[in-house]
Amino acid sequence: MVNFKIKKLLGIMVLGLLWCNISNAQIFNFEKVYMCGPKKISYDEQYKVRGWYYTIHLDKNERFIIRNNEYNYSSFEKTYYHTLWVQNGKITSAELSKNSNIYYFELISIYLPGATDSSKRIKYLDINFDTMTYVSKIKDLNADGTSKMLNPTSGVCWKEW
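Starting afresh in each chain, residues are numbered from 1 along the sequence in its written order. With the structure being a predicted model, the display of local features is reserved for residues of pLDDT at least 70 and the display and counting of side-chain atom pairs for 80 or more, all residues being used for whole-chain, interface and lining totals. Side-chain measures were taken over the full set of non-hydrogen atoms in the model, leaving aside hydrogen atoms and water.

Engineer: What am I meant to see in the pattern of salt bridges here?
Structural biologist: Between side chains of opposite charge, a pair can form as their charged atoms come close. Between Lys or Arg on one side and Asp or Glu on the other, a salt bridge is scored when a side-chain nitrogen of the former is within 4 Å of a carboxyl oxygen of the latter. Summed over all chains, the structure comprises five salt bridges. Between Glu 62 and Lys 98 there is a salt bridge, and its shortest N-O distance comes to 2.5 Å. Linking Glu 62 in the loop between strand E2 (54-58) and strand E3 (64-68) with Lys 98 in strand E6 (residues 90-99), this pair joins segments that are 36 residues apart in sequence. Residue Lys 137 pairs with Asp 126 through a salt bridge whose shortest N-O separation is 3.0 Å. Residue Lys 137 is located in strand E9 (residues 133-142), and its partner Asp 126 is located in strand E8 (residues 118-128); the two are separated by eleven residues in the primary sequence. The exposure class of Lys 137 is partly exposed, given its relative accessible area of 25%. A relative accessible area of 17% means that Asp 126 is categorised as buried. Note on conventions: DSSP H or I runs of at least 4 residues are helices, E runs of at least 2 residues are strands, and numbering of each starts at the N terminus. Type-normalised accessible area, obtained with a 1.4 Å probe on protein chains alone, sets the label of each residue: buried when under 20%, exposed when over 50%, and partly exposed for intermediate values.

Engineer: Even after reading the chapter, I still don't get the state of the cysteines, so can you show me in this structure?
Structural biologist: Here is the idea: a disulfide is a covalent bond, and it sits between the sulfur atoms of two cysteines. Only a pair of cysteine sulfur atoms within 2.5 Å counts as a disulfide in this structure description. Under the definition given, this model contains one disulfide. Across the disulfide, Cys 36 is cross-linked to Cys 157 (sulfur-sulfur distance 2.0 Å). Disulfide Cys 36-Cys 157: torsion about the S-S bond near 110°, hence right-handed. Of this pair, Cys 36 sits in strand E1 (residues 32-37) while Cys 157 is found in strand E11 (residues 153-159), placing the two residues 121 residues apart along the sequence. With respect to class, Cys 36 is no different from Cys 157; both count as buried.

Engineer: I'm lost on the side chain of Ser 74 in this one. Help?
Structural biologist: Relative to the helices and strands, Ser 74 resides in strand E4 (residues 71-74). Overall, Ser 74 belongs to the buried group, its relative accessible area being 2%. Definition of a polar contact: a pair of N or O atoms within 3.5 Å, with one able to donate and the other able to accept a hydrogen when the atoms are protein atoms, and with sequence-neighbouring residues admitted only if both atoms are side-chain atoms. Of note is the side chain of Ser 74, whose polar atom sits 3.2 Å from the backbone nitrogen of Phe 76. Contacts were defined at the residue level, with two residues in contact if any of their heavy atoms lie within 4.5 Å. The residues touching Ser 74, leaving out its near neighbours within four places in the chain, are Phe 64, Ile 65, Ser 93 and Ala 94.

Engineer: Explain the environment of Ile 102 here, please?
Structural biologist: Mapping Ile 102 onto the fold places it in strand E7 (residues 102-111). Residue Ile 102 is classed as partly exposed on the basis of its relative accessible area, which comes to 26%. Every residue in contact with Ile 102, bar those within four places of it in the chain, is listed here: Ser 97, Ile 127 and Asn 128.

Engineer: Sorry if this is basic, but what is going on with the environment of Glu 62 here?
Structural biologist: The class for Glu 62 is partly exposed, based on a relative accessible area of 27%. Distance from Glu 62 to Phe 30, taken between C-alpha atoms, is 9.1 Å for residues 32 residues apart in sequence. Of the polar contacts made by the side chain of Glu 62, one reaches the side chain of Tyr 103; its length is 2.4 Å.

Purely spatial values, then, with no claim about function.
This is how it looks when you write it as C-alpha cells:
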C-alpha cells in the first residue's frame, strides 16, 4: 500500500515537471557578436564608458541579447532587475524588425514603481550591417503621460567574434 502511494506520488511529480516552464526553457547559444559605439575600442576599454556602447549577441535564428550599461535586453525573455544602489529597478526586453541589412532593435525598460520619474524607456538602436554604422535614439515615457525624445547618437559597429 505504501509502495503504491510512493509510485503514484513520483508519477505525479514527473508529470508536473514535464508540464512546467522549466521543461520548456531554451538555451541561448550565440553565433555572432557585434559591438557598436562612438569609436572602435576593445571590450575591456568600453567598460569605462559602457553607457555609450552596445554588445550584440545573435544566434542562428536571430534571437538576440544586447548588453548596454550593465543591462541585458533579450528578444526571448524578460530580465528582472531589483532596485539596488547601483541599478534602478526595472524589467528589460527587446524586439527586432528589419529591412534587408538594417536591423531596428527596440530595447525596452519598464521601471518599477518609485525607481525613477520615468515609467518606460525605449532605446531605438538602428544598425546598418552593410556600412557597419548605427544610430541610437532614446525615448522616455513618464508616469504623468508626457514623453521626451533625447538627441540621437551615432557611431560605428564591428564584428567582435
